[in-house]
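# Commentary on secondary and tertiary structure
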Amino acid sequence: MTAVGIDAIEIRTGKLKLDLANTFAPKKGEDPEKYTKGIGLKHSSFPDVYEDIVTMGANAAKDLMDRTGLVPDDIGRIDVATESAFDNSKPVSTYIAGCLEQVYDGDFHHANKGERKFACLAGTQSIDDAYNWIRAGRNRGRSALVIATDTALYERGDPGEATQGAGAVAMLISEDPNVVELSTDQGYGSADETDFLKPNQQFPSVDGKRSVQVYLARMREALEDYESVAGDTHPDDFEYIPFHTPFPGMVRKAALLGYRHMTRGTDVEDALESEIGRQPREADFDSWDAYEDAIRDYMDDLKETDQYSEWYGHAIEPTIDISSQVGNWYTGSVHIARLSALRSAARKGESLAGKRMLVGSYGSGAQAEIHAETVREGWKDEVSAIDVEDQLDSRYDISYDEYELVHDVHNHDKEVDVEEFTQPDGEFVFTGWGRMNERR
Ligand code: CAA
């Protein structure tokens, strides 16, 4: 069976950055370490006044097409994943295709375009759709362009305000891919939840603490479901485990839960027995609450062990580097985590081809998906070609007053006129809701 997976990646960060420790924390009267250590974020990206989900997505897609030498005829579908859509009818992919058609010979008349929504999970679901389309033999030799693009904004004063972010990830899904091959095995954990939602409103209504619990519960179910098709997992099976990263502190919790689950009944549990005992077994407890308390105590001990720290440092830490500098990109977030790990491996000169990653995606509302990917021979050249550091380093550092202006500019319910903070550099720019974007 020909391999199908991610062939090329480009990102586009919002061109402004908010420094959480030095700009945000003092105004909020909080200890900077709450953000840098507890939540795990140094900076958040924000769009300049001429950027939005369309321009960030179109600019990432254009970079990808230029770098890989693709023209519209090579692309048979454009799927946009977003939870920041401004149009309830016309999909964001049509706006993005309209941008791209301004600069390429040919157009996307032949391409199937759509918009996927399941909170942050939709980026992965769009990749799954593209995978299935290729596997079904409907692609006529063409690739799919998947673009995950979001402005993750919360109401000012909401606890989620510290975890904002904005950016787009464009990914090409093809046969014989350069970066990773997707496996057919997937696991899901899905339930109707109301901890994070945006019913006809600009900013999400969030029960933040509960959202963390829902994330963990769905992720555990997805892992169990994945194991029901792929067999039991062990931490050594996977080089990296990129998780959806609303903020790195969330990944710390997911990683610990995953590690405990994967090591249950294994050589790792045996090796740790003399140090922290064996994992509690439900059958040994009279009530579910007592069992859960015992699990919590075990996990508190587990995270202090050398085995866990070593595994976390290798398999998880590299996945959160980019996220800690850009905040939450919602649908793009897990794809940033994968990219972060691969770029770290490229810098360290690791040989990854043939090795596996376990990818944990999540969307509020709520659903988690776990799937495995195998790294391909061409991964290093591809991920090294992406100008991540240049983009992050050239962001304009906004003051707190500027942050409030920018937040208002991107609030659809407000009319605010603010000067640009940076200059467009031959890129698509926003010209008004529902209007054709220009290039400047
Ligand atoms: N030094 C070090 N650490 C500190 C600290 C300090 N001075 N002060 C606090 N901390 C730690 C806390 O102990 C806590 O860590 P633990 O969770 O490990 O205990 C961490 O910093 C955060 O502190 P709080 O819990 O007090 O923070 P908060 O209540 O103000 O906000 C939040 C946390 C509720 C998650 C909030 O950021 C939020 O609402 N975020 C949006 C919702 C979200 O992202 N949920 C994640 C799951 S849903 C999802 O994934 C979908 C999505 O993309 C949104």
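Small disclaimer: the values here were computed from a predicted structure and weren't measured. (Residues numbered from 1 in each chain as written. Predicted model: local features only at pLDDT ≥ 70, side-chain atom pairs only at ≥ 80, totals over all residues. Heavy atoms only, no water.)

### Concerning the pattern of salt bridges
For clarity, the threshold we go by: Just to be clear on terms, a salt bridge is a Lys or Arg side-chain nitrogen sitting within 4 Å of an Asp or Glu carboxyl oxygen. Labels follow the DSSP assignment, with helices taken as runs of H or I lasting at least four residues and strands as runs of E lasting at least two, numbered in each case from the N terminus. Only protein chains enter the accessibility calculation, which uses a 1.4 Å probe. A residue is then buried if its area is under 20% of the maximum for its type, exposed if over 50%, and partly exposed in between.
Applying the stated criterion to the full structure yields 31 salt bridges. Between E427 and K15 there is a salt bridge whose closest N-O contact spans 2.6 Å. Residue E427 is found in the loop between α15 (400-409) and β14 (428-429), and its partner K15 is found in the loop between β1 (4-13) and β2 (16-19); the two are separated by 412 residues along the sequence. Grouping residues by exposure puts E427 and K15 together as buried.

### Describing the site of the ligand
Operational definition: Here a residue is near a molecule or strand as soon as one of its heavy atoms is found within 4 Å of it. Distance and chemistry together define a polar contact, namely a pair of N or O atoms within 3.5 Å, with one atom able to donate a hydrogen and the other to accept it when in protein, and with adjacent residues in sequence counting only for side-chain atoms on both sides. Exposure was quantified through the Shrake-Rupley algorithm and a 1.4 Å probe, taking into account, for residues, occlusion by the shown protein chains and nothing else.
The local shell around the ligand holds 26 residues, among which K34, K209, S211, H244 and K253 are the closest. The side chain of K209 places a nitrogen or oxygen atom 2.4 Å from an oxygen atom of the ligand. S211 is positioned such that a nitrogen or oxygen atom in its side chain is 2.7 Å from a nitrogen atom of the ligand. Relative to its free-state accessible area of 1000 Å², the ligand is covered by the protein chains to the extent of 73%. Listed by contribution, the elements that provide at least two residues to the shell around the ligand are α2 (32-39), α6 (208-230) and α7 (248-263).

### Let's talk about the sheet that holds β1
Note the following rule: What makes two strands pair is DSSP finding at least two bridges between them. Axis angles are defined between N-to-C directions and span 0 to 180 degrees, where every axis is a line fitted to C-alpha atoms and, for a helix, only to the segment in contact.
Read from one edge to the other, the open sheet built from 8 strands follows the order β5-β4-β6-β7-β1-β8-β12-β11, with strand pairing classed as mixed. The sheet terminates laterally at β5 (112-116) and β11 (356-363), the two strands that pair on one side only. Sheet twist, expressed as the mean angle between neighbouring strand axes with direction ignored, is 25°. Here strand β4 (residues 75-81) pairs with β5 via 5 bridges, running parallel.

### Examining the environment of G187
Cut-off, in case you're wondering: Contacts: residue pairs with any heavy atoms within 4.5 Å of one another.
Within the fold, G187 resides in strand β8 (residues 180-190). Residue classification places G187 among the buried positions, given a relative accessible area of 0%. Residues G187 and D293, 106 residues apart in the sequence, show an inter-C-alpha distance of 27 Å. Dropping the residues within four chain positions of it, G187 is found in contact with A222, D225, Y226, A368, E369 and I370.

### Thoughts on the pairing of strand β7 (residues 165-175)
Burial analysis of β7 places 10 of its 11 residues in the buried class, the great majority of the element. Sheet topology places β1 next to β7; 9 bridges connect them, and they run antiparallel. Looking at β7, one finds that A8 is bridged to L172. As judged from the 9 bridges shared by strand β6 (residues 143-152) and β7, these two strands associate in the antiparallel manner. Within β7, the position partnered with A148 by the bridge is V169.

### Some remarks on the side chain of E382
Positionally, E382 belongs in helix α13 (residues 379-384). Classification of E382 by relative accessible area gives buried; the value is 6%. In this structure the side chain of E382 is engaged in a polar contact, spanning 3.0 Å, whose partner is the backbone nitrogen of I9. In this structure, E382 is in contact with D7, A8, I9, R67 and V179, ignoring residues within four places of it in sequence.

### Describing the pairing of β8
As paired elements, β1 and β8 share 2 bridges and run antiparallel to each other. What sits directly across from I6, in β8, is V180. In terms of strand pairing, β8 meets strand β12 (residues 367-375) through 8 bridges, oriented antiparallel. Across the sheet, the residue bridging to L182 is E373, located in β12.

### Quick look at the environment of I9
If you trace the backbone, I9 turns up in strand β1. Distance from I9 to V146, taken between C-alpha atoms, is 9.6 Å for residues 137 residues apart in sequence. Filtering out sequence-adjacent residues up to four positions away, I9 remains in contact with L64, R67, V169, A170, M171, V179, L339, E382 and I386.

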